[in-house]
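# Structure assessment
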Amino acid sequence: AAAQGQLRTLFVSWNWGLGERAGAAVGRLVCKGLQDFLAHDCGLTDESMEALEVAAAQGQLRKLDVSSSKSPRDESSNGRLGKRAAAAVGRLVGKGLQDFCANGCGLTDEFMEALGVAAAQGQLRKLDVGRNTGLGERAGAAVGCLVSKGLQDFHAHNCGLTGEFMEALEAA
């Protein structure tokens, strides 16, 4: 077991065997001082994100990068991180998460709305959702809500955003 305060960054990208048990283990590592968890292309699911959040300590995890977690093997959610994962991330924001990256995860308006509702005031500073082409007008309004809660940096490259998205962002 890692000694308290030793492991600050865990980069485990391209490991498709990670699952719900790994999410819980990472949450326990957060309790021991883990601040940055980077798991690109690991096929993380709603269940693994919920397990991470439940096990994570208050005020420890600062950066979570789950880019390319769109799993071709997960038929229950069409391989996307869904509303349950968004709610778990929102609760992690309440525990101190400041930087969330989910490039190429098949995110939708529903994910963004759930994140906007669940996220705590004044915590999330950076949100990167590039390469998610399912973001529409409702996602724009959700991002506007996150800005009102303290979001400072929003990255959405290659998302196919429209004028309606931008108007909803501006109006929120």
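Residues numbered from 1 in each chain as written. Predicted model: local features only at pLDDT ≥ 70, side-chain atom pairs only at ≥ 80, totals over all residues. Heavy atoms only, no water.

## Focus on the nonpolar core
- Ranked by size, the top nonpolar core spans 44 residues in total, and within it Phe37, Met49, Leu64, Phe100, Phe111, Met112 and Leu127 carry the most contacts.
- Listing elements by their share of this core, those giving two or more residues are helix H1 (20-31), helix H2 (46-55), helix H3 (83-94), helix H4 (109-118) and helix H5 (137-148).
- The residues touching Phe111, leaving out its near neighbours within four places in the chain, are Leu81, Gly82, Ala85, Ala86 and Phe100. (Core = buried A, V, L, I, M, F, W, Y, C linked by side-chain atoms within 4.5 Å. Buried < 20%, exposed > 50% of the residue type's maximum accessible area, 1.4 Å probe, protein only. Helix = DSSP H or I, 4+ residues; strand = E, 2+ residues; numbered from the N terminus. Contact = heavy atoms within 4.5 Å.)

## Brief notes about the confidence of the model for the protein
- On average, residues of the protein score 88 in pLDDT, and 91% of them reach the 70 mark or higher.
- Of all secondary-structure elements in the protein, the lowest mean pLDDT belongs to H1, at 89, while strand S5 (residues 126-128) reaches the highest, 98.
- Here residues 72-78 is a poorly scored stretch, pLDDT under 50, and it has five contacts once near neighbours within four places are set aside; other chains count. (pLDDT = per-residue confidence, 0-100.)

## Brief notes about H4
- Along H4, the positions that sit buried rather than exposed are Asp109, Phe111, Met112, Ala114, Leu115 and Gly116.
- Residues of H4 that are buried sit in contact with H3, strand S4 (99-101), S5, H5 and strand S6 (153-155).

## What to know about the packing of H5 against helix H6 (residues 163-171)
- For the pair H5 and H6, interaxial distance at closest approach is 7 Å and the crossing angle is 25 degrees. By the angle class used here, H5 and H6 are roughly parallel. The way H5 lies across H6 gives a crossing that is right-handed. In this structure, H5 contributes Glu137, Ala139, Gly140, Ala141, Val143 and Gly144 to the contact, and H6 contributes Glu164, Phe165, Ala168 and Leu169.
- Residues of the contact of H5 with H6, tallied by class, amount to six nonpolar, two polar and two charged. (Axes fitted to C-alpha atoms, helices over the stretch in contact; angles between N-to-C directions. Parallel < 35°, antiparallel > 145°, perpendicular 65-115°, else oblique. Left-handed = near helix turned anticlockwise from the far one by under 90°. Nonpolar A, V, L, I, M, F, W, Y, C, P; charged D, E, K, R; others polar.)

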